[in-house]
Amino acid sequence: MKILSLHVLSAIEAAELDREPTVADLDAIAAETPLIDAEVELLDVRIALMDRTPSELDKRRLRKALHRVLTARAALANRGTAGEAA
């Protein structure tokens with residue numbers, strides 16, 4: 001039977017795993033937060049509608065949540081292309 005050695009992390013690898021997020025990482029997270037919030041809201045609406053027939057109010061809530069997701073995606077995409085143009 002062959003015994004395999006365990007991979008020992010080098011000091012560089014260990015330091016890379018222990019690092020804190022950079023300012024750029026935090027900015028990227030902050031930029032995506034509106035999209036994440038909109039997607040969570042859309043998911044909540046869809047879950048609520050799984051076991052019942054949607055009323056007019058439910059349909060309006062679903063359209064509004066979908067519109068928020070699309071708006072947030074467009075804003076994030078436009079921000080990305082504006083950053084590339086600058």
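Above: the structure in question.
An account of the accompanying structure is given in this report.

About the cut-offs
- Along each chain, the written sequence defines residue order, and numbers are assigned to residues from 1.
- Predicted model: local features are reported for residues with pLDDT of at least 70 only, side-chain atom pairs are reported and counted for 80 or more only, and whole-chain, interface and lining totals are derived from all residues.
- Only heavy atoms go into the side-chain values, all of them from the structure, while hydrogens and water stay out.
- Secondary structure elements are taken from DSSP: a helix is a run of H or I of four residues or more, a strand is a run of E of two residues or more, and numbering for both begins at the N terminus.
- Residue burial is assigned from relative accessible area. The probe radius is 1.4 Å, only protein chains are included, and a residue is buried under 20% of its type maximum, exposed over 50%, and partly exposed in between.
- The contact rule is simple, with two residues in contact once any of their heavy atoms fall within 4.5 Å.
- For every accessible area listed, the method is Shrake-Rupley and the probe measures 1.4 Å; residues are considered covered only by the protein chains on display.
- In the sections that follow, a salt bridge refers to a side-chain nitrogen of Lys or Arg positioned within 4 Å of a carboxyl oxygen of Asp or Glu.
- N or O atoms within 3.5 Å of each other form a polar contact, as long as, within protein, one can give a hydrogen and the other can take it, and as long as residues adjacent in sequence are counted only when both atoms are side-chain atoms.

Within the chain one finds three helices and zero strands. Looking at the 86 residues of the chain, the share that counts as buried comes to 12%. Residue pairs in contact within the chain that sit at least 24 positions apart in sequence constitute 58% of those at least 6 positions apart. A total of about 7400 Å² of accessible surface is found on the chain, and carbon and sulfur atoms cover 63% of it.

Overall, the coordinates contain five salt bridges when judged by the stated rule. In this structure, arginine 73 and glutamate 39 form a salt bridge, with 3.5 Å as the shortest nitrogen-oxygen distance. Highlighted residues: arginine 73 in helix H3 (residues 56-85) and glutamate 39 in helix H2 (residues 23-48), separated in sequence by 34 residues. Looking at glutamate 39, the relative accessible area reads 33%, which means it is partly exposed. The partner of glutamate 41 in a salt bridge is arginine 68, and the shortest N-O contact between them spans 2.0 Å. With glutamate 41 in helix H2 and arginine 68 in helix H3, the pair connects residues that are 27 residues apart, well separated along the chain. Taking the relative accessible area as the measure of exposure, arginine 68 reaches 37% and is therefore partly exposed.

Okay, the side chain of aspartate 58 next. The residue aspartate 58 is located in helix H3 in this model. By relative accessible area, which is 10% here, aspartate 58 ends up buried. At 3.1 Å, the side chain of aspartate 58 forms a polar contact with the side chain of arginine 52. Not counting residues within four places of it along the chain, the set of residues in contact with aspartate 58 comprises Leu49, Arg52 and Thr53.

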